[in-house]
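# What the coordinates show
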There are 2 protein chains.
Amino acid sequence: MSRIIIDNPHKLFFETLGNRTRWNIIHLLLGKSHRATDIAVRLGCEQSLVSHHLKRLEACGFVRVNTNGTERIYSLNTETIRPLSKLVDKHVTKFCKELCKS
Amino acid sequence: MSRIIIDNPHKLFFETLGNRTRWNIIHLLLGKSHRATDIAVRLGCEQSLVSHHLKRLEACGFVRVNTNGTERIYSLNTETIRPLSKLVDKHVTKFCKELCKS
DNA sequence: ACATAATATGAACTATAATTCATATAGTTT
DNA sequence: AAACTATATGAATTATAGTTCATATTATGT
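To start, this report covers the structure provided alongside it. (Residues numbered from 1 in each chain as written. Chains lettered and ligands numbered in written order. Predicted model: local features only at pLDDT ≥ 70, side-chain atom pairs only at ≥ 80, totals over all residues.)

### Quick notes on the overall build of chain A
Spelled out, the test is: Helix numbers and strand numbers start at the N terminus; a helix is a DSSP run of H or I with at least 4 residues, a strand a run of E with at least 2. Exposure criterion: with C-beta atoms placed from backbone coordinates, a residue whose C-beta has 20 or more other C-beta atoms within 10 Å is buried, one with 12 or fewer is exposed, and one in between is partly exposed. What counts as a contact here is a pair of residues whose C-beta atoms, placed from the backbone, lie within 7 Å.
Per the secondary structure count, chain A includes 5 helices and 3 strands. Going from the N terminus to the C terminus, chain A shows its helices and strands as α-α-β-α-α-β-β-α. In chain A, which comprises 102 residues, the share counted as buried stands at 28%. For chain A, contacts bridging at least 24 residues in sequence account for 49% of all contacts bridging at least 6.

### A short note on the environment of Ile 73 of chain B
If you trace the backbone, Ile 73 of chain B turns up in strand β3 (residues 71-76). Residue class for Ile 73 of chain B comes out partly exposed when judged on the 15 C-beta atoms lying within 10 Å of it.

### As for the environment of Gln 47 of chain A
All names here are of chain A. Examined against the element boundaries, Gln 47 turns out to sit in helix α4 (residues 47-59). Accessibility expressed as a C-beta count within 10 Å gives 12 for Gln 47, which makes it exposed. Between the alpha carbons of Gln 47 and Tyr 74 there is a distance of 14 Å; along the sequence they are 27 residues apart. Apart from residues lying up to four places away in sequence, Gln 47 is in contact with Thr 37 and Ala 40.

### Section: the nonpolar core
Our working definition: For this analysis, nonpolar core means a set of buried Ala, Val, Leu, Ile, Met, Phe, Trp, Tyr and Cys residues linked through C-beta atoms within 7 Å.
Grouped together as the largest cluster of nonpolar side chains are 38 residues, with contacts concentrated most on Ile 25 and Val 63 of chain A together with Ile 25 and Val 63 of chain B. Dropping the residues within four chain positions of it, Val 63 of chain B is found in contact with Leu 29, Leu 54, Leu 57, Glu 58, Tyr 74, Ser 75, Leu 76 and Asn 77 of chain B.

### Structural notes on the protein's contact with DNA strand D
Just so we agree on the cut-off: Any residue whose C-beta atom, as placed from the backbone, lies within 6 Å of a molecule or strand is termed near it. Any residue outside Ala, Val, Leu, Ile, Met, Phe, Trp, Tyr, Cys, Pro, Asp, Glu, Lys and Arg is labelled polar, Gly included; the first ten of those are nonpolar and the last four are charged.
Looking at DNA strand D, there are 22 residues lining it, with Arg 35, Thr 37 and Ser 48 of chain A together with Ser 48 and Gly 69 of chain B nearest. Sorting elements by how many residues they give to the surface near DNA strand D places α4 of chain A first, with 6 residues. Partitioned by chemical class, the residues of the surface near DNA strand D number 5 nonpolar, 12 polar and 5 charged.

### Let's talk about the sheet that holds strand β3 (residues 71-76) of chain A
All names here are of chain A. Let me state the cut-off plainly: When DSSP finds two or more bridges between two strands, those strands count as paired.
Spatial strand order, β1-β3-β2: 3 strands in an open sheet with antiparallel pairing. Each of the sheet's edge strands pairs with one partner strand only, and the pair in question is β1 (34-35) and β2 (63-68). Pairing of β2 with β3, which is carried by 6 bridges, proceeds in the antiparallel orientation. Opposite Val 63, over in β3, you have Leu 76 as the bridge partner.

### Describing the packing of helix α2 (residues 20-31) of chain A against helix α3 (residues 36-43) of chain A
Residues and elements named next belong to chain A. The condition that has to hold: Comment: axis = line fitted to C-alpha atoms, over the contacting stretch for helices; angle = value between 0 and 180 degrees taken between N-to-C directions. Our angle categories are set so that under 35 degrees counts as roughly parallel, over 145 as roughly antiparallel, 65 to 115 as roughly perpendicular, and the remainder as oblique. By convention, the crossing between two helices is left-handed when the near helix turns anticlockwise from the far helix through less than a right angle, and right-handed when the turn is clockwise.
Direction vectors running N to C along α2 and α3 enclose 110°, while the axes themselves pass 11 Å from each other. With respect to α3, the axis of α2 lies roughly perpendicular. Remark: the crossing between α2 and α3 carries right-handed chirality. Here Asn 24, Ile 25 and Leu 28 of α2 come into contact with α3, specifically with Ile 39, Arg 42 and Leu 43. By residue class, the composition of the contact of α2 with α3 is 4 nonpolar, 1 polar and 1 charged.

### Digging into the protein's contact with DNA strand C
Surveying the vicinity of DNA strand C reveals 22 residues, the closest of which are Ser 48 and Gly 69 of chain A together with Arg 35, Thr 37 and Ser 48 of chain B. For the surface near DNA strand C, the element with the highest residue contribution is helix α4 (residues 47-59) of chain B, accounting for 6 residues. When grouped by side-chain class, the residues that make up the surface near DNA strand C number 5 nonpolar, 12 polar and 5 charged.

### Some thoughts on the sheet that holds strand β1 (residues 34-35) of chain B
All names here are of chain B. Pairing is antiparallel across the open sheet formed by 3 strands, whose spatial order is β1-β3-β2. Whereas interior strands pair on both sides, the edge strands pair on one side only; in this sheet they are β1 and β2 (63-68). In this sheet, β3 lies alongside β1 in antiparallel orientation, the contact comprising 2 bridges. For His 34, the partnering residue across the bridge sits in β3 and is Tyr 74.

Written out as structure tokens, the structure is:
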């Protein structure tokens, strides 16, 4: 895989997280690890689409992959995602409750 | 201003942060508060563009505004942005040092 | 009330990212 | 090695977001 060089990690990482499909994948992986195909089935979207997104999530260090035969099992980097998610929740309750559906 | 109702705060917020211009604004405001026009001048971009972005940043609760005559002075919600930024820095050093320019 | 300064707004345009589709690759099983 | 399963890849298309431009608004000073 070609090496990615980035000048602004914040921009890249937040952009990566700011996508509905990718966030759906993250949300699914919060429960437990999944095979690529299972993610696609669960989310009801194309295998290739999930593959593209997983690649990016992996490149950003948000998910990790374990190979088992032809299968690739993706797991979440909870060490980053959980506190990140908590921070957002906290922000919402504190600063913009009124923006969100309750 | 019309009320915004959102179903997925994570998506909206990260998307908002995942934009170079908006991040430039945030970075500038990390130093000190600025008038809208000054931000535009400093970043070398259009007044209207900055206005659009500030609106969104404000809607997300990332910046606040204080009115002084016709001027509007924007300040950063450091309570959210600082820990968020730190989390990303930590993530980078721990999980993807090799992705970034040193 | 008029002129001015600062900022906001919305529509048109442009750039970028997301998705699909067809196909390639890489392990596995027989 | 041929057939199969799981996943990856890249180009083409489609959708979405960013930017610009012209104009509107809002407060202030004369």
